[in-house]
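These are the residues of each chain, in order.
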Amino acid sequence: QDVSFQVLELGAQSSVPGPGLVFCNPPYGTRLGTAAGLASLYRQFGQVCRERFPGWQVAFICPDPRLAEQTGLSLSARGPFSNGGLQVHLYQTEL
C-alpha cells in the first residue's frame, strides 16, 4: 500500500480516488487565529473533504467541539487525550 504525505493549502488538493485516510491537526486558536477565522477554516475543511475525498475516512484532533461541528461532517469523538499539554479529542468520520 502507498502512503503519501503532503503539505498543501487546504483548497489546493485535487480530488483523489479512495479509499484512504485524511488526518489533520488543524489550528485551534491556542496560538493562532480568531474564533471567526477558525470557524471559517473548519467549514472549508469539511467542504473540501466532502467534495474531494468521497469514500475516504477523515480524522482530526481538536480541543473544542464547537470548532469540530463547524466542519458539517457527521463525527464521532474519542478522548480526551493530551497533545502538547492540551486536552483534545480525536474526531472521525467516513465519507
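The rules behind these values
- Residues numbered from 1 in each chain as written.
- Predicted model: local features only at pLDDT ≥ 70, side-chain atom pairs only at ≥ 80, totals over all residues.
- Heavy atoms only, no water.
- Helix = DSSP H or I, 4+ residues; strand = E, 2+ residues; numbered from the N terminus.
- Contact = heavy atoms within 4.5 Å.
- Pairing = 2+ DSSP bridges.
- Axes fitted to C-alpha atoms, helices over the stretch in contact; angles between N-to-C directions.
- Phe/Tyr/Trp six-rings, centres within 6.5 Å; stacked < 30°, edge-to-face > 60°.
- Buried < 20%, exposed > 50% of the residue type's maximum accessible area, 1.4 Å probe, protein only.
- Polar contact = N/O pair within 3.5 Å; in protein donor to acceptor, adjacent residues only side chain to side chain.

Peer 1: Can you break down the environment of P26 residue by residue, with the values?
Peer 2: By the element assignment, P26 lies in the loop between strand 1 (21-24) and helix 1 (35-52). Along the primary structure P26 and C62 are separated by 36 residues, whereas in three dimensions their C-alpha atoms are 7.4 Å apart. Sequence-distant contacts of P26, that is, excluding residues within four places in its chain, are made with Y42, F60 and I61.

Peer 1: Explain the sheet that holds strand 3 (residues 76-83) to me, and be specific about the residues and the numbers.
Peer 2: To summarise the sheet geometry, strands pair through backbone hydrogen bonds and adopt either a parallel or an antiparallel arrangement. Taken in spatial order, the four strands of this open sheet run 1-2-4-3, and their pairing is mixed. The sheet terminates laterally at strand 1 and strand 3, the two strands that pair on one side only. Strand after strand, the sheet turns through a mean of 20° between neighbouring axes, direction not considered. Relative to strand 2 (residues 57-62), strand 1 runs parallel, the two sharing four bridges. Across the sheet, V22 pairs through a bridge with V58, a residue of strand 2.

Peer 1: Give me the lowdown on unusual backbone geometry, citing residues and values where you can.
Peer 2: Here the bond from G18 into P19 is cis, since omega is 5°, no more than 30 degrees from zero. Mapped onto the fold, P19 is located in the segment before strand 1. The linkage connecting G79 with the following residue, P80, adopts the cis geometry, with an omega of 15°. As for its placement among the helices and strands, P80 is situated in strand 3.

Peer 1: Could you give an account of the packing of aromatic side chains, naming the residues involved and the relevant values?
Peer 2: For the structure shown, the criterion picks out four aromatic pairs. Where Y42 meets F60, the ring centres are 6.2 Å apart and the plane angle is 70°; that geometry is what we call edge-to-face. Of this pair, Y42 sits in helix 1 while F60 sits in strand 2, placing them 18 residues apart in sequence. There is no split in this pair, since Y42 and F60 are both buried. For the ring pair F60 and Y91, a centre distance of 5.5 Å and an interplane angle of 25° mean the geometry is stacked. Of this pair, F60 sits in strand 2 while Y91 sits in strand 4 (residues 86-94); the two residues are 31 residues apart in sequence, bridging distant segments of the chain. There is no split in this pair, since F60 and Y91 are both buried. These aromatic residues form a ring-pair network of at least three members: Y42, F45, F60 and Y91.

Peer 1: Any chance you could break down the side chain of T71 for me, citing the residues and the numbers?
Peer 2: Residue position: T71 is located in the loop between helix 2 (65-69) and strand 3. In this structure the side chain of T71 is engaged in a polar contact, spanning 2.8 Å, whose partner is the backbone oxygen of A68. Once residues lying within four places of it in the same chain are set aside, the contact partners of T71 are Y42, R43, F45, G46, Q47, R50 and F60.

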